[in-house]
Amino acid sequence: MIPRIQTPEHRPVWQTLLAQAVKSTDELLTLLQIDPAQLKTRPLTDNFPLRVPHGFVQRMNKGDSRDPLLLQVLPVQQETVATDGWLCDPLEELDAMPVPGLLHKYRGRALLTVTGACAIHCRYCFRRHFPYADANPTSDHWQPSIKYIEQHPDITELILSGGDPLTLTDARLQSLTDRLADIEHLHTLRIHTRLPIVLPERVDAGLLAWLASQRQKLVMVVHSNHPNEVDAAVIDAMSQLSRAGVTLLNQSVLLQGVNDTATTLINLSERLFAAGVLPYYLHQLDRVQGAAHFDVDTATARKLIAEVSACLPGYLVPRLVQEIPGMPGKTPL
Ligand SMILES: *Cc1c(COP(=O)(O)O)cnc(C)c1O
Ligand code: SF4
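Okay, so let's go over this structure. (Residues numbered from 1 in each chain as written. Chains lettered and ligands numbered in written order. Predicted model: local features only at pLDDT ≥ 70, side-chain atom pairs only at ≥ 80, totals over all residues. Heavy atoms only, no water.)

1. Notes on the pairing of strand β2 (residues 109–113)
Here is step 1 of the chain: The buried fraction of β2 amounts to four of the five residues, a majority that puts the element mostly inside the structure.
Here is step 2 of the chain: Across three bridges, strand β1 (residues 102–106) lies against β2 in antiparallel orientation. Note that in β2 the partner of Leu-102 across the bridge is Leu-112.
Here is step 3 of the chain: Between β1 and the antiparallel strand that follows it, β2, lie two residues; Gly-108 among them carries a positive phi value of about 90 degrees.
Here is step 4 of the chain: Strand direction decides the pairing type here: β2 and strand β3 (residues 157–161), joined by five bridges, are parallel. Its bridge partner being in β3, Arg-109 is matched across the sheet by Glu-157. (Buried < 20%, exposed > 50% of the residue type's maximum accessible area, 1.4 Å probe, protein only. Helix = DSSP H or I, 4+ residues; strand = E, 2+ residues; numbered from the N terminus. Pairing = 2+ DSSP bridges.)

2. Some remarks on empty space enclosed by the protein
Here is step 1 of the chain: For the coordinates displayed, the defined rule picks out one cavity of 30 Å³ or more.
Here is step 2 of the chain: Considering only enclosed or pocket space, the largest cavity measures out at about 60 Å³ in volume.
Here is step 3 of the chain: Per-element tally for the lining of the largest cavity: the top contributor is helix α11 (residues 262–274), with four residues.
Here is step 4 of the chain: Among the residues forming the lining of the largest cavity, the class breakdown is seven nonpolar, three polar and no charged. (1 Å grid on protein atoms, 1.4 Å probe; cavity = no way out; pocket = protein on both sides within 12 Å on 5 of 7 lines; lining within 4 Å. Points joined across faces, edges and corners; volume = space filled by probe spheres on them. Nonpolar A, V, L, I, M, F, W, Y, C, P; charged D, E, K, R; others polar.)

3. Description of the environment of Leu-189
Here is step 1 of the chain: Looking at the secondary structure, you find Leu-189 in strand β4 (residues 188–193).
Here is step 2 of the chain: Setting aside its immediate chain neighbours within four residues, Leu-189 contacts Leu-158, Leu-160, Thr-177, Leu-180, Gln-214, Gln-216, Lys-217, Leu-218 and Val-219. (Contact = heavy atoms within 4.5 Å.)

4. Here we look at a nonpolar patch on the surface
Here is step 1 of the chain: A surface patch of nonpolar side chains, amounting to about 290 Å² of accessible area, comprises Phe-273, Leu-278 and Tyr-315.
Here is step 2 of the chain: When you line up the elements, Tyr-315 lands in the loop between α12 (298–309) and β8 (319–322).
Here is step 3 of the chain: Judged by relative accessible area, which is 47%, Tyr-315 ranks as partly exposed. (Patch = residues over 30% accessible without salt bridge, like charges linked within 9 Å, V, L, I, M, F, W, Y side chains within 5 Å. Areas by Shrake-Rupley, 256 points an atom, 1.4 Å probe, with all protein chains shown as cover. Salt bridge = Lys/Arg side-chain N within 4 Å of Asp/Glu carboxyl O.)

5. Comments concerning the layout of surface pockets
Here is step 1 of the chain: Size it by volume and the second largest pocket reaches roughly 250 Å³.
Here is step 2 of the chain: Around the second largest pocket sit Leu-39, Lys-40, Arg-66, Leu-71, Leu-74, Val-76, Gln-77, Gln-78, Gln-256, Gly-257, His-293 and Phe-294, which together line it.
Here is step 3 of the chain: For the lining of the second largest pocket, the residue count by class is five nonpolar, five polar and two charged.

Honestly, that's just the spatial picture; any functional story needs more than this.
Rendered as structure tokens:
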């Protein structure tokens with residue numbers, strides 16, 4: 001493989017777009033023509049600041065302070081309210097990490113957090129307090145994880161996660177997968193990413209070349225929560241991934257004010273299907289400190305999914321699941 005040149009002049013478009021992401025509340029609200037006085041925003045003083053690519057902002061409705069895409073990214077005062085039972089590590093992930101950065105909770109598959117970086121900061125994210133600095137393998141630290149996978153023939157699927165693995169350059173992704181290529185028992189590579197949704201420009205020739213060079217079966221689980229996220233550029237990116245032989249699935253998080261109506265969930269499934277993506281999981285929100293205002297109670301969640309099931313073929317109904325520490329997989333509700 002000839003290494004791709006990464007000089008500034010040859011920097012892929014997506015990297016420039018990523019660098020230009022909106023990082024200030026003022027800028028975001030100005031772009032959306034929303035008067036800041038309408039919202040109780042919070043100052044950006046913590047380690048999880050606002051971040052959202054311009055292309056995603058363009059899918060928000062101007063003047064709408066309750067826009068479902070805006071609510072996912074806007075830091076608000078409610079985040080600072082401490083809620084009993086809502087934790088910093090609700091999934092007890094740090095207990096399931098045999099080597100830094102590798103989570104091995106479930107049989108047959110392990111999850112590698114390849115970076116702490118994301119293209120967008122989702123306010124409900126369960127990893128918002130994750131100590132990436134301690135747990136996150138930089139390129140030089142992948143070796144212990146790779147060794148662990150080599151020594152565990154029962155791991156047949158590796159999930160690249162983060163953060164968002166597709167924020168890494170193609171060259172870095174290639175250097176990782178070059179080291180996985182010889183592990184015979186590893187037959188599936190899964191990528192958990194929000195990039196094709198929030199920055200579809202990431203699906204470029206370089207990424208497709210990297211995917212094409214893989215020996216393993218490829219699965220990509222994207223993450224979108226609302227049909228407005230899936231615009232023409234996203235549909236185009238997905239069809240390119242599909243043509244590259246990637247199995248495409250979507251996971252969503254059930255979020256109050258964003259997608260907690262049957263109509264929204266139905267539209268999302270139909271929109272995803274138009275893009276060649278099947279719904280996989282609808283996650284009940286993990287109880288992470290600062291996200292309680294997004295919570296939808298379990299009874300309402302069950303009722304919603306029953307309504308969705310009554311309107312769609314089975315393959316367009318996501319599985320409503322919750323992650324309960326210590327369980328052998330996601331728990332269906
Ligand atoms: C969610 C998760 C997986 C993947 O679970 P699937 O049910 O296979 O999608 C694997 N490892 C960890 C640590 C996870 O949190
Ligand atoms: S892209 Fe995923 S990991 Fe990153 S902030 Fe959003 S939900 Fe969290």
